[in-house]
Amino acid sequence: MVRKERWTALNVDLGRLATSIVDYCNTHDFEAKLTRKAGFYHVQAIKADAVRTLLGARRCLDIVVKGNPNDFEVTVGTGDWGKNIAASAIVGAITLGAGLIAAGASAAAYKYFEEKLWTYIRKQVSSLVNSASQPRCLSCGKPLLKGYNLCPFCGAILK
Ligand SMILES: [Zn+2]
């Protein structure tokens, strides 16, 4: 039901990643909105015709981008449209939402879209490598390269 992938040491701008996910949904027959919360981005995507055509259909995709540029995870699950859930509560909300899922065609459409979305997210992560602002040494302020235990400029211990 819930799928999660984690990436490390890629220095990815998470705001740009989340925004690109919204754009992708909006150009693929879904309607998406982005909410920025402390420490994560929450995207909800609902099939564009669902609101108008299916009575009471509130099933949507919940996409959460969480972490920092060098250690983040993307979670895709099912949620209820319009519900601003906290990332920590996502599993509970999904279980609840699953009971409300309208059967058949709708579920299949979401499943199909979810697969395409994952392919897109992976591609997007690769293209955003090193897009986040450069981390800097807390001691001397010089830009840091990956993989050092000591700052190559001032010798401060990096964590
Ligand atoms: Zn330094």
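See the structure shown above.
As a starting point, this report considers the structure included with it. Since the model is a prediction, treat every value here as computed from it, not as a measurement.

Let us now look at the overall build of the protein. Across its full length, the protein carries 4 helices and 5 strands. Each helix and strand of the protein, placed in order from N terminus to C terminus, yields the pattern β-α-β-β-α-β-β-α-α. At a minimum sequence separation of 6, the contacts of the protein that also span at least 24 residues come to 48%.

Among the nonpolar cores identified, the biggest contains 24 residues, and Leu 14, Ala 18, Ile 21, Val 43, Ala 45, Ile 63 and Val 65 are the most heavily contacted of them. Within the residue set of this core, elements represented by two or more residues are helix H1 (14-26), strand E2 (30-37), strand E3 (40-47), strand E4 (59-68), strand E5 (71-80) and helix H4 (105-127). Residue contributions to this core peak at 6 residues, all from H1. Beyond its immediate stretch of four places on either side in the chain, Ile 21 contacts Val 43, Ile 63 and Ile 121.

For strand E1 (residues 3-8), the tally of buried residues reaches only 0 of 6 residues, placing the bulk of the element at the surface. Direction of pairing for E1 relative to E5: antiparallel, over a ladder of 6 bridges. Residue pairing in the sheet places Glu 5 in a bridge with Val 74 of E5.

Structurally, Ile 46 is set in strand E3. Each C-alpha atom, one on Ile 46 and one on Arg 59, is 6.9 Å from the other, the two residues being 13 residues apart in sequence.

Sheet architecture is open: 5 strands sit in the order E1-E5-E4-E3-E2, paired in antiparallel fashion. Since the sheet does not close on itself, it has two edges, and those belong to E1 and E2, each with one partner. Across the sheet, the mean angle from the axis of one strand to that of its neighbour is 15°, orientation sign disregarded. Of the strands in this sheet, E2, E3, E4 and E5 touch H1, which is tilted by about 160° from E2.

So, about unusual backbone geometry. Despite not being glycine, Asn 11 has its phi angle at roughly 55°, a positive value. Inspection of the secondary structure assignment puts Asn 11 in the loop between E1 and H1. For Asn 11, a count of 16 C-beta atoms within 10 Å puts it in the partly exposed group.

Moving on, we get to H1. Across its 13 residues, H1 extends 18 Å between first and last C-alpha, which sits within 8% of the 18 Å expected from 1.5 Å per residue. Every buried residue of H1 is accounted for by Leu 14, Leu 17, Ala 18, Ile 21, Tyr 24 and Cys 25. One side of H1 holds all its buried residues, which, seen down the axis, span an arc of 120°.

Conventions used here
Residues numbered from 1 in each chain as written. Predicted model: local features only at pLDDT ≥ 70, side-chain atom pairs only at ≥ 80, totals over all residues. Helix = DSSP H or I, 4+ residues; strand = E, 2+ residues; numbered from the N terminus. Contact = placed C-beta atoms within 7 Å. Core = buried A, V, L, I, M, F, W, Y, C linked by C-beta atoms within 7 Å. Buried ≥ 20, exposed ≤ 12 C-beta atoms within 10 Å, placed from the backbone. Pairing = 2+ DSSP bridges. Axes fitted to C-alpha atoms, helices over the stretch in contact; angles between N-to-C directions. Expected span 1.5 Å × (residues − 1). Arc of directions from axis to C-beta.

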